[in-house]
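Inside the fold
This is what each chain is made of:
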Amino acid sequence: SKYPKLRQKDLDSKYEIIYLPEFEGKHPKTAILRRNKYIAENTDCVVCYLTVPSGGAYEAVKIANKNDKEIINIYQYFSYFDKSVATDLASVFMN
């Protein structure tokens, strides 16, 4: 890949990790929705990749919008590029 891989030690030094014990033991789908809601309510800006107006990420963006948060949907920028660019960029964060 032409993009550098992010290693755990890189993430640990650059980002604060918040552990929320109330998510422990919850069904994964429930935990994801609660996590998204928490992020949408407790951040200044939401960066998302929304392609359709449905799903968990869309619901989180609606919550952020209700709370007057800045929302940046990066999907609109990829519409000008080959979709493989988006796939390559996503792989940086997934590996």
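Scroll up a little and you will see the structure.
Residues numbered from 1 in each chain as written. Predicted model: local features only at pLDDT ≥ 70, side-chain atom pairs only at ≥ 80, totals over all residues. Heavy atoms only, no water.

Topic: the pattern of salt bridges
In the structure shown here, the tally under the stated rule is two salt bridges. Across the salt bridge formed by glutamate 41 and lysine 37, the nearest N and O atoms sit 3.1 Å from each other. Separated by four residues within a single helix, glutamate 41 and lysine 37 lie in helix 2 (residues 28-41), roughly one turn from each other. Where glutamate 59 meets lysine 62, a salt bridge forms, and the shortest distance between an N and an O atom there is 3.4 Å. You can see glutamate 59 and its partner lysine 62 sitting in helix 3 (residues 56-66), three residues apart, about one turn around the helix. (Salt bridge = Lys/Arg side-chain N within 4 Å of Asp/Glu carboxyl O. Helix = DSSP H or I, 4+ residues; strand = E, 2+ residues; numbered from the N terminus.)

Details of the pairing of strand 2 (residues 70-73)
Pairing of strand 1 (residues 45-48) with strand 2, which is carried by four bridges, proceeds in the parallel orientation. If you follow valine 46 over to strand 2, its bridge partner there is isoleucine 71. For the crossover from strand 1 across helix 3 to strand 2, the handedness is right-handed. (Pairing = 2+ DSSP bridges. Right-handed = clockwise from strand over helix to strand, strands pointing away.)

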